[in-house]
Amino acid sequence: MSDAPYGERRAPSTRFLPPDPAVAAPYRLTPGLALRVGILGVLALAVFAVLFFRLWSLQVLSGDTYLAAAQGNQLRTIRIEAPRGTILDSEGRVIVDNVPGTAVKLWVGDLPAKGRYDVIRRLAWVLNVRPVRLAKEVDSRVNDPLNPITVKTAVGEDQIAYLMEHKADFPGVDIQQTYLRHYPYHALGAQLLGYVGEVSQQELDAHPKLYESGDKVGKTGVEAKFDPFLRGKAGEVTVGVDALGNQKGAFLPKREAQPGSAVKLTIDMGLQRAAERALRFGIQTAIENGSYNADGGALVALDPQDGAVLAMASTPTYKPSVYVGRVDAKKIKPLVDYDAAQKANFPGINRATSGVYPPGSTWKPVTALAAMQEHVLEPYGALQCTPSAEYGLDKHVFKNWDPYINQSMTLPEALARSCDTYFYQLGYDFYLQGDKGRSRMQEWARKFGFGRPTGFDLGGEERGTVPTPAWRKKHFKSDWDRAWNPGNSIQLAIGQQDIQVTPLQMARFYALIANGGKLVTPYVVAQVETPAARGQAPVVLRRYAPDPPESVGVDPAALQVIRDGLYQATHASYGTSSGVFSSFPVPIAGKTGTAEKVVPLPGYPADHLEDQSWWCGYGPAETEVPRIVVCAVIENGGHGSTAAAPAALRVFEQYFGVKGGYQNLVKTD
C-alpha cells in the first residue's frame, strides 16, 4: 500500500539532516553526562539512606516509646499517689498529716481532635477553674499523651457526681483518689513547716528521674528540706481502656505505693502556740503603750545545751492550707506578689531566720566580752555613767537613754541599767587602738556567730552585717562615708547604726552565755522514722544528732561577769526588765534592747526612725543549768521592757508551767 496521500508511490529522497558534531556519537558517555549521572546517583542514595535511618530510628530507637503510646489505647498505666509522711512535734503529736480527697485528671491524648476546647470549657465550668489556664496547660502537653494533667484536687461530691453522670461528655477525664495535706494546728509554725505544691517544670527539668508530672513536692520549710523522706514512692496499676479512654476491665496492681516516712521535730507545739500568742500579745502591748506602728515580730526558743529549736514564731503569718488543692491566686497573692506582700507586711518571711534588725542594747554583752578578752576593760573595773559624752574632733554629743544618771558603776550594773555612755567609752577605746583595734570587736562578734549563717538545718538564713573599716570602704562612695570615724565604733558598741542581726543569731549568742561559752548549731529535725501503727512504737530510720557545741575561747570569769549583769537586769530594782521578771517564780536572766531603725511608713519621711523592741535571756539562772533561751523582737514596738520582755515572759510561763506575778511595765532601754 502506498504511503502517499492519494496512493502514489513516494519518491525516494537522498536528503538527510546535516551532520552535528555534538551528536556525532550519541551512544557515547561524555564526561559532562557522567558527572550529571553521578550527582543524581548520590542524591538518590542519600534520600534512600535518610529514609532507611529514619525507619530504623522509629522501629529500633523509639520503638518502645511508640509501642507504649499505641498500647495506651488498650492498656493504661495509672500512678497511685503515695501518702505523704506525717510531721510530728517533740512529743509525737501530729502537726501535719493527710486527709483523703478526690482529684480530677485529664488525659490529653483522649481529647477529640475536633471540639477539644468545648470539652475544656465545660470541664472548667464544672470544676470552677479558669478555662484559659487549663487550655494553655493542655496545649503544652499535646506531645505528652502518657501523663495526665491534674485539673483540680479537693473536688466536691456534687461535682464528682455530675462528671460521672455525664461521662460521655467528658472524654479523657479521670477521677482518682488522692491525699490532701492537713494542718490540725492551722497557721502555727507555717514558715517553719512550709507547704506542698505540684512539681514545677523547672523542678522536672532539674530532676527528671526523681519527679514526674503531677507529683506533689515540698516547696519550703521542713516539707522541702526533708521531701525525699516525706514523699514516699508512688505505686502503679494497669487498666484496659477503649479508643475513647473508657475503662474496660478491672485494675491490675503493678506496684504498691509506699507511704512516706514521718519526720519528728524538736518543736513542742504547746510552746509554739505560746510563742505565737506571745508575739501577738507583745504587738498589742506595744500599741497600748504608744507604739502605734507595731505590726510584726519574731521569737526563738532554744535549748542552750545542744541548739534544739523548742519554738520558732514569726508574725504576720499565713495558713499553709492555701496551697492545698487547686491554688486560688487571690489567696496566695500576699505570698508571691511583692506589692501584695508588702501591703500585708510579708507574711511568708520567717523573720526568725531571714529578718535582720539592729540589736540595740542586747548587743552590749558582745561589746563587754570583746573588751574583757582584749583587756580594754577589767571585769569589775568601774567607769562613769553620765547623761551624755562628747567624742571626736567635732565634739559630737552622744546621749544616754537615761538623762538623770551620773555615777560610777561596774560592768554588771552597767548591763543591768543598760548605761549607754559606759559602752560608748568601750567603743571609743577600741577606736583609739588604731586600724587593728577598730576591727577587734567585730572579730569577736564573728566568733560569737554574727555575720554568718548559724548552720540551721532548714537553711534560708540571712547572714546579717558586722561592719568594719574595710566593709565601709567597699560599700560607700564618698570619702566621708568610707572613713571609719569614732562614731562608728561608738554606735557599734551599743548595737546601732550598720550592725544587722537575725533573732536566731541573737538566741544562739545568749545560749553561749548560758552554757559557758560554747556556740551551738540550731536544728529543728530530730529524726526520721517509720509510720507507727496504733499501739506500736515507730522504727527510727535516721537520727539527727546535734553538732557538738564549739568553744569560742572566752574567759569563764568574763562570762560570769556577764551573767551577773543579766541577772541583775531582771532582779535588781534598777534592772531594765525587773518589772517583768523579778516576781517570776523561776529565776530568769536577760537583757532588754531598744534599737532605732529606718522604717519606711506611709505618711512619714523617708528617713523615719522606729524603735525595735528586743529582749533576750535564759532560765533557770543562777540556781540550775539553764534549759531554755528565749529571744524576742517586736517590730516598731518601742522599748524592750514594754513589749518584747512581756512577750518573752509568756513563753517562760508555758515552758515552766508557772504564772508570773505583778508586772510593772516601765519604759526602759
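I will try to describe carefully the structure that is included in this document. Each chain carries its own residue numbering, running from 1 in the direction its sequence is written. Per-residue local features are limited, in this predicted model, to residues with pLDDT of at least 70; the limit for side-chain atom pairs, both in listing and counting, is 80 or more; totals at the level of whole chains, interfaces and linings are taken over all residues. Excluded from the side-chain calculations are hydrogens and water; all other atoms, namely the structure's heavy atoms, are used.

This part covers the overall build of the chain. Under the scheme used here, helices are H or I runs from DSSP no shorter than 4 residues and strands are E runs no shorter than 2 residues, and both carry numbers assigned from the N terminus. Counting its secondary structure elements, the chain contains 25 helices and 23 strands. Within the chain, the proportion of its 669 residues that are buried is 49%. Only heavy atoms matter for contacts: two residues are in contact if any of them lie within 4.5 Å across the pair. Sequence separation of at least 24 residues holds for 71% of the intrachain contacts in the chain that already meet a minimum separation of 6. Surface exposure here means Shrake-Rupley accessible area, sampled with a 1.4 Å probe, where a residue is shielded only by the protein chains that are shown. Summing over all exposed atoms, the chain offers an accessible surface of approximately 33600 Å²; the carbon and sulfur share of this is 55%. Relative accessibility under 20% of the residue-type maximum defines a buried residue, over 50% an exposed one, and the middle range a partly exposed one, all with a 1.4 Å probe and only protein chains included.

Take a nonpolar patch on the surface next. Exposure above 30% relative accessible area and the lack of any salt bridge qualify a residue for a patch; like charges then connect within 9 Å, and the nonpolar side chains Val, Leu, Ile, Met, Phe, Trp and Tyr within 5 Å. What counts as a salt bridge is simple: a side-chain nitrogen of Lys or Arg found within 4 Å of a carboxyl oxygen of Asp or Glu. Among the surface-exposed residues, Leu35, Ile39, Leu40 and Leu43 lie close enough to one another that they form a single nonpolar patch of about 420 Å² accessible area. With respect to the helices and strands, the residue Leu43 is situated in helix 1 (residues 31–61).

For the rest of this paragraph, the subject is the side chain of Ser439. Relative to the elements of secondary structure, Ser439 occurs in the loop between helix 17 (434–437) and helix 18 (440–447). Since its relative accessible area comes to 15%, Ser439 is described here as buried.

A fitted line through C-alpha atoms represents every axis, and for helices the fit uses only the stretch in contact; the resulting angles, taken between N-to-C directions, go from 0 to 180 degrees. The contact between helix 3 (residues 116–127) and helix 5 (residues 157–165) brings their axes to 9 Å, and the two run at 150°. In terms of their interaxial angle, helix 3 and helix 5 are classed as roughly antiparallel. Residue-level inspection shows Leu123, Val126 and Leu127 of helix 3 in contact with helix 5, the latter providing Gln159, Tyr162 and Leu163. When residues are sorted by character, Ala, Val, Leu, Ile, Met, Phe, Trp, Tyr, Cys and Pro go into the nonpolar class, Asp, Glu, Lys and Arg into the charged class, and all the rest, Gly among them, into the polar class. For the contact of helix 3 with helix 5, the residue count by class is five nonpolar, one polar and no charged. In these notes the angle categories are as follows: under 35 degrees is roughly parallel, over 145 is roughly antiparallel, 65 to 115 is roughly perpendicular, and the rest is oblique.

Here we come to the state of the cysteines. Counting rule for disulfides: a pair of cysteine sulfur atoms within 2.5 Å. Overall, the coordinates contain two disulfides when judged by the stated rule. Here Cys385 pairs with Cys419 through a disulfide, and the sulfurs are 2.0 Å apart. Here the disulfide of Cys385 and Cys419 is right-handed, its torsion about the S-S bond being about 105°. Taken as a pair, Cys385 in strand 13 (residues 383–385) and Cys419 in the loop between helix 15 (411–417) and helix 16 (420–432) lie far apart in primary sequence, 34 residues in all. By relative accessible area, which is 0% here, Cys385 ends up buried. Here Cys419 falls in the buried class, since its relative accessible area comes to 1%. Shown here is the disulfide that connects Cys616 with Cys631, its sulfur atoms set 2.0 Å apart. Taken as a pair, Cys616 in strand 22 (residues 609–619) and Cys631 in strand 23 (residues 628–635) lie far apart in primary sequence, 15 residues in all. Considered together, Cys616 and Cys631 belong to a single accessibility category, that of buried residues. Sequence-ordered numbering of the bonded cysteines in the chain gives a disulfide pattern of 1-2, 3-4.

Before going further, it helps to spend a moment on the pairing of strand 14 (residues 388–391). A one-sided burial pattern is seen for strand 14, the buried positions being Ala389 and Tyr391 and the unburied ones Ser388 and Glu390. When DSSP locates at least two bridges between a pair of strands, those strands are taken to pair. Following strand 14, the chain reverses through four residues before pairing antiparallel with strand 15 (residues 396–399); Gly392 in that reversal takes a positive phi of roughly 85°.

What follows deals with the nonpolar core. As a rule of thumb, nonpolar side chains are buried together in soluble globular proteins. The definition of a nonpolar core used throughout is a set of buried Ala, Val, Leu, Ile, Met, Phe, Trp, Tyr and Cys residues joined through side-chain atoms within 4.5 Å. By size, the foremost hydrophobic cluster in this structure holds 97 residues, and its most contacted members are Leu411, Phe448 and Phe450. Looking at which element gives the most residues to this core, the answer is helix 22 (residues 503–515), with nine residues. Not counting residues within four places of it along the chain, the set of residues in contact with Phe448 comprises Val366, Leu369, Phe509, Leu512, Leu519, Val552 and Val554. Counting 31 residues, the second-largest nonpolar core is a separate cluster that includes Ile283, Ala313, Ala632 and Ala643.

The next point concerns the pattern of salt bridges. Within this structure, the stated rule accounts for 18 salt bridges. Close ionic contact of Glu81 with Lys216 constitutes a salt bridge, the shortest N to O distance being 3.4 Å. You can see Glu81 sitting in the loop between strand 1 (75–80) and strand 2 (87–88) and its partner Lys216 sitting in strand 7 (residues 216–218), a full 135 residues away along the chain. Residues Asp89 and Arg93 are paired through a salt bridge, measuring 2.8 Å at the closest nitrogen-oxygen approach. Taking the relative accessible area as the measure of exposure, Asp89 reaches 0% and is therefore buried. Within this structure, Arg84, Arg181, Asp215, Glu223, Asp227 and Arg231 form a network of salt bridges that share partners.

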